[in-house]
Amino acid sequence: FSAAVGVLTSSLSGGGACLDVADDVKNARRNLPLALILSPLIVCILYVMMAVVTVSMGTDNLESLADIAEQFLSPSLMTAFVVLGPVMGIVTSFIPFLMMTIANMDFMARERIFPGFFTKRNRYGIAWVCVLFAWVLTILIIATGQTFGVIMVIFSFANVMEETPLTLVPLIIRKRYPKSVAATPQLFNRTLIYILSAVGFVINAYLGIELFMSMDTVSWIGVVVTYVALFIYVGMRAMYLKKTENYDLLKEMGKPYEPWEEYERSLE
């Protein structure tokens, strides 16, 4: 059960995607809460409707959606359903991944981790190079023929590994940015925040261990290849910038986030 919960963390990535693109959303204070509330509701209604159709078709000899579709689709449409259905399912499930990837790539390009051409925008203000790269990456992943379950495990493991240390942020941010924290409205008192932070860390760590124990060889290969490729790229990028521009990328990456530092100084 814990391993399954760990895998399903990727199913919640849509909420994270909303936060990542908040700067690009019109009237974010109103539209983001609406998206977070309405999206699960609409999806739930659609799935309930699908279940009603499935049950109404009779379940004695039907074991899959393909069996149901065969009852009322022509041969050509049935072929399209079988071929395109899984592909579209994976593509739509990648939308949160695409949104977060595009936003993060745009940010990393501005921080010089990626080349500057990734920041190029069209007349609508969209970082079209990041969009193109993310779509190509998605297509390549789909083209490997891996099941969506394997892909979910790989990304979920990365999510759990990333989120576990982030649960400790409330424990250290008050010391680092005391004035900013004091100026920010809080829904809970300090003690409760600390308790929730510690509980969140324990839960994430436990889910990560359970997911770690449940991963098969294919998933592990995917995780290792992804992280090795990223480390090699960052190392090569750092050496390139150091040689051509005398710019220490790794040192800059280790510096505090300047907008937060500036806001803290503005409150002095």
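Scroll up to find the structure.
So, a few notes on the structure that sits alongside this text. Keep in mind that this is a model prediction, so the values were computed, not measured.

### A look at the overall build of the protein
- Regarding its fold elements, the protein presents 14 helices and zero strands.
- Going residue by residue from the N terminus, the α and β elements of the protein occur as α-α-α-α-α-α-α-α-α-α-α-α-α-α.
- Looking at the protein as a whole, 25% of its 268 residues qualify as buried.
- Expressed as a percentage of contacts within the protein between residues at least 6 apart in sequence, the contacts between residues at least 24 apart total 63%.
- Looking at the protein as shown, the accessible area adds up to about 18500 Å², and 70% of this sits on carbon and sulfur atoms.

### Points about unusual backbone geometry
- You will see that R112, though not glycine, has its phi angle at about 75°, which is positive.
- Along the polypeptide, R112 turns up in the loop between α6 (95-110) and α7 (128-143).

### Some remarks on the packing of aromatic side chains
- One pass over the structure, following the stated rule, counts nine aromatic pairs.
- Seen from their ring centres, F157 and W220 are 5.5 Å apart, and the 65° between their planes marks the pair as edge-to-face. With F157 in helix α8 (residues 148-166) and W220 in helix α12 (residues 217-245), this residue pair connects regions lying 63 residues apart in the sequence.
- Seen from their ring centres, F212 and W220 are 4.9 Å apart, and the 80° between their planes marks the pair as edge-to-face.
- Three or more aromatic residues link up through ring pairs in this structure, and these residues are F114, F117, F118, F133 and Y233.
- Sitting above the plane of the Y247 ring, R112 keeps its charged end 4.2 Å from the centroid.

### Observations regarding the nonpolar core
- Core analysis: the biggest nonpolar cluster contains eight residues, these being V150, V153, I154, F157, V160, L211, M215 and V223.
- If one sorts the elements of this core by residue count, α8 sits on top with five residues.
- Setting aside anything within four residues of it in sequence, one finds I154 in contact with S219, G222 and V223.
- In this structure, M105, A109, F118 and V129 belong to the second largest nonpolar core, which totals seven residues.

### Topic: the pattern of salt bridges
- For the coordinates displayed, the defined rule picks out six salt bridges.
- Residue E258 is joined to R265 by a salt bridge in which the shortest nitrogen-to-oxygen separation is 2.4 Å.
- When salt bridges that share partners are traced, they join D106, R110 and R121 into one network.

### Side note on a nonpolar patch on the surface
- A contiguous nonpolar patch, built from L34, L36, I37, L38, L41, I42, V43, I45, L46, Y47, M49 and M50 and spanning about 1100 Å² of accessible area, is present on the exposed surface.
- Tracing the chain through its elements places Y47 in helix α3 (residues 28-56).
- Using a relative accessible area of 57% as the deciding quantity, one classes Y47 as exposed.

### A word on the side chain of S219
- Examined against the element boundaries, S219 turns out to sit in helix α12.
- The exposure class assigned to S219 is buried, which follows from its relative accessible area of 2%.
- Reaching out from S219, the side chain makes a polar contact with the side chain of D216 at a distance of 2.8 Å.
- If we skip the residues at most four places from it in the chain, S219 touches V150, V153 and I154.

### Some remarks on the environment of A109
- Relative to the helices and strands, A109 resides in helix α6.
- Using a relative accessible area of 5% as the deciding quantity, one classes A109 as buried.
- Setting aside anything within four residues of it in sequence, one finds A109 in contact with F114, P115, F118 and T119.

### Section: the side chain of S180
- Its location among the elements puts S180 in helix α10 (residues 178-182).
- Filtering out sequence-adjacent residues up to four positions away, S180 remains in contact with Y263, E264 and L267.

### What about the environment of F212?
- Among the secondary structure elements, F212 is positioned in helix α11 (residues 190-214).
- Here F212 falls in the partly exposed class, since its relative accessible area comes to 41%.
- For the pair F212 and A3, spaced 209 residues apart in the sequence, the C-alpha separation amounts to 8.1 Å.
- When residues no more than four places from it in sequence are discounted, the contact partners of F212 are F157 and W220.

### Comments concerning the packing of helix α9 (residues 169-176) against α11
- Contact pair α9 / α11: the axes reach a minimum separation of 8 Å and the direction vectors enclose 135°. Overall, the two elements α9 and α11 adopt an arrangement that is oblique. Across the interface between the two elements, P170, L171 and R174 of α9 pack against R190, I193, Y194 and S197 of α11.
- The residue inventory of the contact of α9 with α11, partitioned by class, reads four nonpolar, one polar and two charged.

Analysis parameters
- Residues numbered from 1 in each chain as written.
- Predicted model: local features only at pLDDT ≥ 70, side-chain atom pairs only at ≥ 80, totals over all residues.
- Heavy atoms only, no water.
- Helix = DSSP H or I, 4+ residues; strand = E, 2+ residues; numbered from the N terminus.
- Buried < 20%, exposed > 50% of the residue type's maximum accessible area, 1.4 Å probe, protein only.
- Contact = heavy atoms within 4.5 Å.
- Areas by Shrake-Rupley, 256 points an atom, 1.4 Å probe, with all protein chains shown as cover.
- Phe/Tyr/Trp six-rings, centres within 6.5 Å; stacked < 30°, edge-to-face > 60°.
- Lys NZ or Arg CZ within 6 Å of the ring centre and 35° of its normal.
- Core = buried A, V, L, I, M, F, W, Y, C linked by side-chain atoms within 4.5 Å.
- Salt bridge = Lys/Arg side-chain N within 4 Å of Asp/Glu carboxyl O.
- Patch = residues over 30% accessible without salt bridge, like charges linked within 9 Å, V, L, I, M, F, W, Y side chains within 5 Å.
- Polar contact = N/O pair within 3.5 Å; in protein donor to acceptor, adjacent residues only side chain to side chain.
- Axes fitted to C-alpha atoms, helices over the stretch in contact; angles between N-to-C directions.
- Parallel < 35°, antiparallel > 145°, perpendicular 65-115°, else oblique.
- Nonpolar A, V, L, I, M, F, W, Y, C, P; charged D, E, K, R; others polar.

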